[in-house]
Amino acid sequence: MNVKEGLRFTGGDLFTSVSIAAVLFFLLSSSMASGLTDSLMRDSSLLGGGSRYTITQDALSTISEDNMISVIGTGSSQMFKALDGGCVSGNLENEALVYNIAQPSSGSYTNMLHIPRIINSNPEVVLIEIAPNSLGNISKSAEEYIELRFKLDTMNQDSTDLGEWVELIDPNHREWIALNEIERMKFKQEYVPSAIEERLNRLIFDEKTLGEIRTDTQKYGWVPETDSELWNGYLQTPIFPPDRYGFDGKTSEERENYNATLMSKTGNYKPAYRDSQSHTSLNYEISTLLENGIRVIIVSPPHHPSALTYLEDGQWDGLNETLARYAEWPGVTIFDQTWETGWEDDHFYDRNHLDDEGRIEFCNRLAPVIDEVLSGRD
Amino acid sequence: MSYVFFWLASGWHVLLLLTSTLVDWTTGKKIHSSSNDKYRKRWLIGSLTVNLGLLATFKYLDFLIETWNLASLRFDGAPELDTFGLLLPVGISFYTFQTMSYTIDIYRKKHAPYERFIDFACYAAFFPQLVAGPIVRSQHFLEQITKPLSSTPYQFRLGLTLIIYGLAKKLIIADNVALHADTIFVEGAALNNIGLVWWGSLCFGIQIYCDFSAYTDIALGSAYLIGIELPENFKTPYAARSPQDFWRRWHISLSSWLRDYLYIPLGGSRGGSRVLVISLMGTMLLGGLWHGASWNFVLWGFMHGILLLCHRRLIKLSQIKKIFTIAPRTSVFIGWLVTQYFIFMTWLVFRVEDTSMMLRSLKTFVGYDAHWDIHEFYESLPDVKLMTMGLVLFFIIAHGFSGKLGGFKIWLSKQNSVAWGLICSLLITATFLLRPAETVEFIYFRF
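Just so it is clear, the model here is predicted, and its values are computed rather than measured. (Residues numbered from 1 in each chain as written. Chains lettered and ligands numbered in written order. Predicted model: local features only at pLDDT ≥ 70, side-chain atom pairs only at ≥ 80, totals over all residues. Heavy atoms only, no water.)

Some words on the overall build of chain B
Phase 1: A tally of regular secondary structure across chain B gives 20 helices and zero strands.
Phase 2: Radius of gyration (C-alpha) of chain B: 23 Å, near the 22 Å computed for a compact globule of 447 residues.
Phase 3: Seen through its principal axes, chain B has C-alpha atoms that stretch 70 × 70 × 50 Å.
Phase 4: With 447 residues in all, chain B has 53% of them scored as buried. (Helix = DSSP H or I, 4+ residues; strand = E, 2+ residues; numbered from the N terminus. Rg over C-alpha atoms; globule rule 2.2 N^0.38 Å. Buried < 20%, exposed > 50% of the residue type's maximum accessible area, 1.4 Å probe, protein only.)

Right, here's the structure in full:
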């Protein structure tokens, strides 16, 4: 290489060259990573059935702009399948919109990441799920899920999402949390090669055959784009699994088999009384919301009546004690359906998830509680 | 600084580097100061013994023991030996050849020894190229190291260009095609689909070139940052039109080292056909073995030796000369095609370690007992297929044009600040976005 060719090249030229490259890199990489991946994460191309995991930030931004009294439901698949926000909104005497941003498999440890943005979206009430299977420490087997959720959630965050929850993250999980723009870009980049592959597939092959699941708006797991007219409705009433996946589709033999195996699993839950990772996260979530003038309704979703028969005496006292403790916090209302009567076989998909009929029952029971809280607001 | 870098990377193996450095420093002085040929020769042999002894011990001893144990299975009563489990010291093949060339050149009275030990130590252990070359000749380095180290703004930007370009080549192309090669040549693979074996060899050929030349670019770039110019190691090798042409373009610093210190001393092409065969095959076999302690590399060198001999014989045939006169363009194209076919075939020997799999892949590559099934081909590839195919296509086109235009990196380094900044930002962005989740270690770190 003949280096003499550049004799007229000065230090100023060098500085200009490097500055242009650095600035353009930061601008290009973050916008291109988002441009390539975001919409494919939504339509389940990149995440399969997990596309809903990516909606939280956009959902809360939409809620912050709705100019209405808002009620936000958070929690796991139990809350997700129990809460038809459209139904509850319609049953309220108050003019309010009820949103369902619950995520399958989620718990307080993953939900706490959204507290700053929930506060910024300015809701009146937040529904927080507490269930017997979600009071404890994070198990090793859950770490793969935690990694996915933490990465997906934090890659879509910005600096306003940071809060005290950062201090509550287990040091072993810290590497899955993006706290700055570079770390966010790094997480997002992991999806770029797959996103390009997907786009090339669509370009070269027949999109319709490849994208059947992605374009079926009635398909469970499908998520609309934020600029779609379906978006706002989806935030209240997401697409629920069809009934045939639950008890209704099973033969009597299958149901017996189910009861003997999966139903009895409910008897394995031993919720902690206090001081678990879930309790620490819940304490942070509830206290932060209350400090910001947001009322909290703690929801304990119902279980199939048969499921409760597998419990030993006092097995779920950890849940009872936790709910009783929070009930004493000013601004907290308990909506405990675990021990409530009237829940029947027809209301359930399986041992702890409500189906269409169950959602209506849940809606009818929840609406008056929300009304009462809203009516009693300052 | 280089020694600290090496110590951090390899721990106590720095002592081996230090030994080579001290031995060749002393030997160079002794040889130069004496006019007694016997005395000079004795010192040279001493130096070669130490250098090759260290190389043989740390790189080949366990390999020889394993080979002995394998052979002993055929003879009753032959003792089985334990291997030493020696770790290969980083860069030993490179710095050994480098310091040896220094001593041999002094012995040949090509140049005088370095005046200052610090300069020689720096030459032996210069950190940008210590681990995987290029193998630098002492005179080339001395001319630069004796001047104060400083780079001009242009040199600095040229260095950055090479580093950015090298990273892009490694992370975008080498690491992505590596996923395909690794999937195709996974242990136990049937390797009887001709499409898969061809694609696998193409991917590996591209991987090894982009991986190795990327390291060289980064080494050259890092050296430019402090004002040192290192020699080029590659000149679009896949544009080669003959096996001889390939070795003028591939790992140039090694091939020229082997030519100067092995092939020519063995007799080269000036001693008749028998000497030619011996010197050429000897050079290629040892060149193959230099890459690693494995019979695969010996076979790889052997195949290249055969290719070179066949080429020498073919170009002397009057019918071939006639064809080149009648249809020069077509002949050149066919020459390129045939050369590359065999080059990529030899990559199978380099890549597929298991002997039965390697033989199976070679059979399939030439179409013997092979089948073609596009569905199986497509399904056998990793999830990211089309993007990698696009990268391969891009590489082939860019490689062809790069040879014609004198190289993208050179063109880029001459652009004005805005164009350079824009193109480099695109390169860095592409590198950042397109790299696969798992990066692969530089292949030549193993050698």
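Here's the deal with the sheet that holds strand β1 (residues 69–74) of chain A
Residues and elements named next belong to chain A.
Phase 1: Read from one edge to the other, the open sheet built from five strands follows the order β2-β1-β3-β4-β5, with strand pairing classed as parallel. With one partner strand each, in any of the chains shown, β2 (96–100) and β5 (332–336) form the two edges of the open sheet. On average, each strand axis in the sheet is inclined to that of its neighbour by 20 degrees, with strand direction left out of account.
Phase 2: Bridge count between strand β3 (residues 125–129) and strand β4 (residues 295–300): five bridges; the pairing is parallel. (Pairing = 2+ DSSP bridges. Axes fitted to C-alpha atoms, helices over the stretch in contact; angles between N-to-C directions.)

A look at the domain arrangement of chain B
All names here are of chain B.
Phase 1: The domain architecture assigned to chain B consists of domain 1 (2–145) and domain 2 (153–242 + 315–446).
Phase 2: If you average the C-alpha positions of domain 1 and of domain 2, the two centres end up 30 Å apart.
Phase 3: The partner domain 2 presents 17 residues to the 15 residues of domain 1 that form the contact.
Phase 4: Taken together, the two surfaces of domain 1 and domain 2 that pack against each other cover about 1300 Å², and 72% of this comes from carbon and sulfur.
Phase 5: Our count for the contact surface shared by domain 1 and domain 2 stands at zero salt bridges. (Domains from an automatic or database assignment. Contact = heavy atoms within 4.5 Å. Buried area = accessible area lost by both parts, 1.4 Å probe. Salt bridge = Lys/Arg side-chain N within 4 Å of Asp/Glu carboxyl O.)

Thoughts on the state of the cysteines
Residue and element names in this part refer to chain A.
Phase 1: Within the structure shown, the criterion is met by one disulfide over all chains.
Phase 2: Here C87 pairs with C363 through a disulfide, and the sulfurs are 2.1 Å apart. Linking C87 and C363, the disulfide has an S-S dihedral of approximately -95 degrees and is accordingly described as left-handed. Here C87, found in helix α4 (residues 85–91), pairs with C363, found in helix α18 (residues 356–375); they are 276 residues apart in sequence, far enough to count as distant. (Disulfide = S-S within 2.5 Å.)

Digging into the nonpolar core
Phase 1: One finds I208, Y238, F246, W250 and W347 of chain B to be the most contacted residues of the largest nonpolar core, which totals 70 residues.
Phase 2: Considering each element in turn, this core owes the most residues, ten residues, to helix α9 (residues 194–225) of chain B.
Phase 3: In this structure W347 of chain B touches F204, G205, I208, Y238, F246, W250 and W300 of chain B, once residues within four positions along its chain are discounted.
Phase 4: Grouped together as the second largest cluster of nonpolar side chains are 56 residues, L14 of chain A together with L16, L54 and L162 of chain B included. (Core = buried A, V, L, I, M, F, W, Y, C linked by side-chain atoms within 4.5 Å.)

Here's the deal with the environment of L73 of chain B
Phase 1: Position of L73 of chain B relative to the elements: it lies in the loop between α3 (37–72) and α4 (92–107).
Phase 2: A residue is classified by how much of its surface remains accessible, and L73 of chain B, at 65% relative accessible area, is exposed.

Some details on unusual backbone geometry
Residues and elements named next belong to chain B.
Phase 1: Phi is positive for K109, which is not a glycine, with a value near 60 degrees.
Phase 2: Within the element layout of this structure, K109 appears in the loop between α4 and α5 (117–125).
Phase 3: Classification of K109 by relative accessible area gives exposed; the value is 60%.

A closer look at the packing of helix α11 (residues 252–263) of chain B against helix α12 (residues 272–291) of chain B
Residue and element names in this part refer to chain B.
Phase 1: Packing of α11 against α12 brings their axes to within 10 Å, and their N-to-C directions diverge by 135 degrees. Considering the angle they form, α11 stands oblique to α12. Between α11 and α12 the crossing geometry is right-handed. Listed contacts from α12 to L254, L258, L262 and Y263 of α11 are L276, S279, L280, T283, L286, G287, W290 and H291.
Phase 2: Here the contact of α11 with α12 is built from residues that sort into eight nonpolar, four polar and no charged. (Parallel < 35°, antiparallel > 145°, perpendicular 65-115°, else oblique. Left-handed = near helix turned anticlockwise from the far one by under 90°. Nonpolar A, V, L, I, M, F, W, Y, C, P; charged D, E, K, R; others polar.)

Section: the confidence of the model for chain A
Phase 1: Of the residues in chain A, 92% reach a pLDDT of 70 or more, and the chain-wide mean stands at 87.
Phase 2: Counted against residues more than four places away or in other chains, residues 209–213 of chain A, with its pLDDT under 50, gives five contacts. (pLDDT = per-residue confidence, 0-100.)

A word on the environment of S93 of chain B
Residues and elements named next belong to chain B.
Phase 1: Note that S93 resides in helix α4.
Phase 2: Accessibility expressed as a relative area gives 0% for S93, which makes it buried.
Phase 3: Taking the C-alpha atoms as reference, S93 lies 9.6 Å from L52; in sequence the two are 41 residues apart.

So, a nonpolar patch on the surface
All names here are of chain B.
Phase 1: On the surface, F333, I334, W336, L337, V338 and F342 cluster together into a nonpolar patch covering about 530 Å² of accessible area.
Phase 2: Turning to its location among the elements, I334 is positioned in helix α15 (residues 328–351).
Phase 3: A relative accessible area of 45% means that I334 is categorised as partly exposed. (Patch = residues over 30% accessible without salt bridge, like charges linked within 9 Å, V, L, I, M, F, W, Y side chains within 5 Å. Areas by Shrake-Rupley, 256 points an atom, 1.4 Å probe, with all protein chains shown as cover.)

Describing the interface of chain A and chain B
Phase 1: The partner chain B presents 34 residues to the 33 residues of chain A that form the contact.
Phase 2: Summed over both sides, the interface of chain A with chain B buries roughly 2900 Å², with 76% coming from carbon and sulfur.
Phase 3: At the junction of chain A with chain B, the criterion picks out zero salt bridges.
Phase 4: Where chain A meets chain B, there are nine residue pairs in polar contact (both at pLDDT 80 or more).
Phase 5: Secondary structure elements with two or more residues in the side of chain A that touches chain B: α1 (11–42), α9 (181–189) and α10 (192–204) of chain A.
Phase 6: Here the element with the most residues in the side of chain A that touches chain B is α1 of chain A; it accounts for 14 residues. (Polar contact = N/O pair within 3.5 Å; in protein donor to acceptor, adjacent residues only side chain to side chain.)

Overview of the packing of aromatic side chains
Phase 1: For the structure on display, the rule yields 55 aromatic pairs over all chains.
Phase 2: Pairing Y102 of chain B with Y123 of chain B gives two aromatic rings, centres 6.4 Å apart and planes at 45 degrees, and the pair type is tilted. Taken together, the residues Y102 of chain B in helix α4 and Y123 of chain B in helix α5 connect sequence positions 21 residues apart. There is no split in this pair, since Y102 of chain B and Y123 of chain B are both buried.
Phase 3: Across from the ring centre of Y349 of chain A, 5.9 Å away, lies the NZ or CZ of K81 of chain A, which sits over that ring.
Phase 4: The ring of W290 of chain B has K59 of chain B sitting right over it, with the charged end atom 5.3 Å from the ring centre. (Phe/Tyr/Trp six-rings, centres within 6.5 Å; stacked < 30°, edge-to-face > 60°. Lys NZ or Arg CZ within 6 Å of the ring centre and 35° of its normal.)

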